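Architecture at a glance
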Amino acid sequence: LEKLYLDDNDLHGFLPEELGDLMNLQDISLHGNQFSGPLPKSIGKLQRLTRFWANGMFLSGQLPDEIGDMTSLRALYIEENQLVSTLPYEMGNLEQLQDLRIYGNVITGNIPSSFKKLVNLEVFYMDSC
């Protein structure tokens, strides 16, 4: 499976740890559902993933450090959730990242110094909710 599009299906529950077992995924789009709880740490195993859309849901908790293992990621849309987190230092490993949208969450602390490695980043949209 390379592309998983489940938009606007009113799906509920937690994102399962088994999501990380789909290691050939390149695109995941989940927005417009009712998923809640934390992002599973297993998402770090999705090293071929280029786009991850999980916006407009009820995801909560911290951003896992393992998000920095998704080294092919170019677009990360996790805006309009209920995340309460700092930005993990490991996100600086996402050197292919071009578009990062995390507004509509409670992101605290400083932007990590590792973000200076994000030389391809064109869009960084964050607010202070």
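Residues numbered from 1 in each chain as written. Predicted model: local features only at pLDDT ≥ 70, side-chain atom pairs only at ≥ 80, totals over all residues. Heavy atoms only, no water.

Some points on a nonpolar patch on the surface
On the surface, a nonpolar cluster with roughly 230 Å² of combined accessible area is contributed by Ile111, Phe124 and Met126. Along the chain, the position of Met126 falls in the segment after β11 (123–125). Residue Met126 is classed as partly exposed on the basis of its relative accessible area, which comes to 31%. (Patch = residues over 30% accessible without salt bridge, like charges linked within 9 Å, V, L, I, M, F, W, Y side chains within 5 Å. Areas by Shrake-Rupley, 256 points an atom, 1.4 Å probe, with all protein chains shown as cover. Salt bridge = Lys/Arg side-chain N within 4 Å of Asp/Glu carboxyl O. Helix = DSSP H or I, 4+ residues; strand = E, 2+ residues; numbered from the N terminus. Buried < 20%, exposed > 50% of the residue type's maximum accessible area, 1.4 Å probe, protein only.)

Some words on the side chain of Asn105
Mapped onto the secondary structure, Asn105 falls in the loop between β9 (99–101) and β10 (106–108). At 3.0 Å, the side chain of Asn105 and the backbone nitrogen of Leu83 are in polar contact. A distance of 3.0 Å separates the side chain of Asn105 from the backbone oxygen of Ile102, its partner in a polar contact. (Polar contact = N/O pair within 3.5 Å; in protein donor to acceptor, adjacent residues only side chain to side chain.)

Quick notes on the packing of aromatic side chains
The full count for this structure, using the stated rule, is three aromatic pairs. Ring geometry for Phe115 versus Phe124: centroids 5.9 Å apart, planes at 50 degrees, classification tilted. For Phe115, a relative accessible area of 11% corresponds to the buried category. Residue classification places Phe124 among the partly exposed residues on the basis of a relative accessible area of 32%. (Phe/Tyr/Trp six-rings, centres within 6.5 Å; stacked < 30°, edge-to-face > 60°.)

Quick word on the nonpolar core
Phe52, Leu76 and Met91 are the most contacted members of the largest nonpolar core, which has 31 residues in total. Apart from residues lying up to four places away in sequence, Leu76 is in contact with Phe52, Ile67, Met91, Leu97, Asp99, Leu100 and Arg101. (Core = buried A, V, L, I, M, F, W, Y, C linked by side-chain atoms within 4.5 Å. Contact = heavy atoms within 4.5 Å.)

As for the environment of Phe52
One can find Phe52 in strand β5 (residues 51–53). Measuring from C-alpha to C-alpha, the distance between Phe52 and Leu30 comes to 8.2 Å, with 22 residues separating the pair along the chain. Setting aside anything within four residues of it in sequence, one finds Phe52 in contact with Ile28, Leu39, Leu73, Ala75, Leu76, Tyr77 and Ile78.

What about the pattern of salt bridges?
If charged atoms from side chains of opposite charge come close, those side chains can pair. Counted by the stated rule, this structure contains four salt bridges. As a salt-bridge pair, Arg51 and Asp27 come within 3.3 Å of each other at their nearest N and O atoms. Here Arg51 is found in strand β5, whereas its partner Asp27 is found in strand β3 (residues 27–29), with 24 residues between them in sequence. Given the relative accessible area of 32%, Arg51 is considered partly exposed. Judged by relative accessible area, which is 2%, Asp27 ranks as buried. Where Asp99 meets Arg101, a salt bridge forms, and the shortest distance between an N and an O atom there is 2.8 Å. One continuous salt-bridge network, built from bridges that share partners, spans Lys3, Asp27 and Arg51.

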